[in-house]
Amino acid sequence: MKVLVVGGTGFVGTLLCRELRRREHDVTSLSRSPGEADLPEGVTEATGDVTDYDSIAGAFAGMDAAINLVALSPLFKPSGGNGMHDEVHRRGTEHCVEAAEEHGVDRFVQMSALGADPDGDTAYIRSKGRAESTVRESSLDWTIFRPSVVFGEGGEFVEFTRLLAPPYVTPLPGGGKTRFQPIWIGDVVEMLAASLESEEHVGETYDIGGPEVLTLADVARLAHGARGRSVNVIPVPMALAGVGLSVAGKIPGFPMGGDQYRSLQFDNTTADNDVDAFGVSEGDLRTLGEYLSTAGS
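Let us look at the structure shown here. Along every chain, residues carry numbers that run from 1 in the direction the sequence is written. Confidence filtering applies because this is a predicted model: local features only for residues at pLDDT of at least 70, side-chain atom pairs given and counted only at 80 or more, and all residues used for totals across whole chains, interfaces and linings. To get the side-chain values, all heavy atoms of the structure are used, and hydrogens and water are removed first.

## Some details on the environment of valine 135
The condition that has to hold: Only DSSP runs of H or I with at least four residues qualify as helices, and only runs of E with at least two residues qualify as strands; both kinds are numbered from the N terminus onward. In what follows, a contact means two residues having at least one pair of non-hydrogen atoms within 4.5 Å.
Mapped onto the elements of the fold, valine 135 is located in helix H4 (residues 123-136). C-alpha separation for the pair valine 135 and threonine 93, spaced 42 residues apart in sequence, amounts to 7.6 Å. Look past the residues within four positions of valine 135 in its chain and what remains in contact with it is Thr93, Val97, Phe108, Gln110, Trp142 and Ile144.

Here it is in structure tokens:
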């Protein structure tokens, strides 16, 4: 297949391009900054910004499938404010869907997020939910993925945890009880690629997570433990943490704010893990601890 990877030079995109080439697909990576990623031989690069329709439309011509991976991180306050989530996720997806429809692209895969909801509690979750609505209402043969937090080389989750939860004496909002289901990037890209290769995935939304449910405190212990550092959690009342992050978020350059506090108030886990749709069980997936033990982190 001729596959366009929108956001092909990012954390997920780079490895997905590699996986698609391994499966012998003809791959084009579309990004704002081509040439910056270590893409495999044979990947064509195109330049475009999903917030500018005219800059991306031509890249969809002649494609059999498109995978939209473009996303801002939910872990940090975006440059330009929380309104950028809607600009990039909702409007950017609208542009991708329009371009795919205009050029007769058969398949469209959307990378969303676990808990995506047009009426959700954070700007990130709301924008992801509205983007999903755009995809579902389209004429395309679509598939939507909603992963929990994704970890791996080049990812932000482990480093974000180390920033939020310093070692030794570790104050954590709510005692670090927020739960996650981290999934390894290598497992994610295999599922994304496989979704293109069978019609059974058309019209499906997949909630996917890793093999373990870990609290934020668990993740902090694993992340710092990989560097030989201990973690002694000091619970910080959620209300106090909310005031602190909301106030600090108004300081220019401070990386977190109210949205990050609100995201810690709900778990990021699957009710039913849909990885079995791809012929694997949770036990087949890589754990965060296994990754950290071999990643030199």
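## A closer look at the packing of aromatic side chains
Applicable threshold: Pairing of aromatic side chains requires ring centres within 6.5 Å, counting the rings of Phe and Tyr and the six-membered ring of Trp. Pairs whose planes differ by under 30 degrees are stacked, by over 60 edge-to-face, and all others tilted. Three labels apply to residues, based on accessible area from a 1.4 Å probe with only protein chains included: buried if under 20% of the type maximum, exposed if over 50%, partly exposed otherwise in between. By the criterion adopted, a ring carries a charge over it if an Arg CZ or a Lys NZ lies within 6 Å of its centre and within 35 degrees of its normal.
Applying the stated criterion to the full structure yields five aromatic pairs. Their ring planes at 50° and their centres at 5.7 Å tell us that phenylalanine 145 and tyrosine 206 sit as a pair that is tilted. Residue phenylalanine 145 is located in strand S6 (residues 141-147), and its partner tyrosine 206 is located in strand S11 (residues 204-208); the two are separated by 61 residues in the primary sequence. By relative accessible area, phenylalanine 145 is classed as buried at 1%. Among the residues examined, tyrosine 206 registers a relative accessible area of 6% and is labelled buried. On the basis of an interplanar angle of 25° and a centroid distance of 5.6 Å, the ring pair of phenylalanine 145 and phenylalanine 278 is categorised as stacked. A residue pair is termed long-range when its members are at least 10 positions apart, and phenylalanine 145 in strand S6 and phenylalanine 278 in the loop between helix H9 (258-263) and helix H10 (288-294) qualify at 133 residues. Residue phenylalanine 278 is classed as buried on the basis of its relative accessible area, which comes to 16%. When the ring centre of tryptophan 184 is taken as origin, the NZ or CZ atom of arginine 286, which lies over that ring, is 4.8 Å away.

## Some words on the pattern of salt bridges
Opposite charge on two side chains permits pairing when their charged atoms draw close. Counted only if it meets this: We define a salt bridge as a side-chain nitrogen of Lys or Arg found within 4 Å of a carboxyl oxygen belonging to Asp or Glu.
Enumeration according to the criterion identifies 13 salt bridges in this entry. Ionic pairing is found between arginine 23 and glutamate 197, a salt bridge with its closest N-O pair at 2.8 Å. One end of the pair, arginine 23, is in the loop between helix H1 (11-22) and strand S2 (26-31); the other, glutamate 197, is in the loop between helix H6 (185-195) and S11, and 174 residues separate them in sequence. On the basis of relative accessibility, which here comes to 41%, the residue glutamate 197 falls in the partly exposed class. We note a salt bridge from arginine 227 to glutamate 159, for which the minimum N-O separation is 3.4 Å. Separated by 68 residues along the polypeptide, arginine 227 in the loop between helix H7 (216-225) and strand S13 (231-236) and glutamate 159 in helix H5 (residues 157-164) bring together distant segments of the chain. Beyond isolated ion pairs, a larger network of salt bridges with shared partners links Glu19, Arg22, Arg23 and Glu197.

## Looking at the sheet that holds S11
Just so we agree on the cut-off: The criterion for strand pairing is that DSSP finds at least two bridges linking the strands in question. Helix axes use the C-alpha atoms of the stretch in contact, all axes being lines fitted to C-alpha atoms, and the angles between their N-to-C directions lie in the range 0 to 180 degrees.
Here seven strands make up an open sheet; going across it, the order is S3-S2-S1-S4-S5-S6-S11 and the pairing parallel. The strands lining the two open edges of the sheet, one partner per strand, are strand S3 (44-47) and S11. Between one strand and the next, the sheet's axes are offset by a mean angle of 20°, whatever the strand orientation. Direction of pairing for S2 relative to S3: parallel, over a ladder of four bridges.

## So, the pairing of S6
Looking along a regular strand, one sees the side chains alternate between the two faces of the sheet. Condition: A crossover counts as right-handed when, viewed with the strands pointing away from the observer, the path leading from the first strand over the helix to the second turns clockwise.
Of all seven residues that make up S6, six are buried, and the element is covered over most of its length. Of the pairings in the sheet, the one linking strand S5 (residues 107-111) to S6 comprises five bridges and is parallel in character. Within S6, the position partnered with arginine 107 by the bridge is aspartate 141. In the classification by handedness, the crossover that spans S5, the intervening H4 and the parallel S6 is right-handed. Of the strand pairs in this sheet, S6 and S11 are connected by five bridges, and their pairing is parallel. Paired with threonine 143 across the two strands is glutamate 204, which belongs to S11.

## Considerations on the nonpolar core
Note the cut-off: Only buried residues count toward a nonpolar core, which is a set of Ala, Val, Leu, Ile, Met, Phe, Trp, Tyr and Cys residues joined through side-chain atoms within 4.5 Å.
In this structure, Leu16, Leu20, Phe145 and Leu192 are the most contacted members of the largest nonpolar core, which totals 31 residues. The set of elements that each furnish at least two residues to this core consists of strand S1 (2-6), H1, strand S4 (65-68), S5, H6 and S11. Counting residues per element, this core draws most heavily on H6, at seven residues. Once you skip the residues sitting within four places of it in the chain, leucine 192 turns out to touch Val12, Leu16, Leu69, Val109, Met111 and Phe145.

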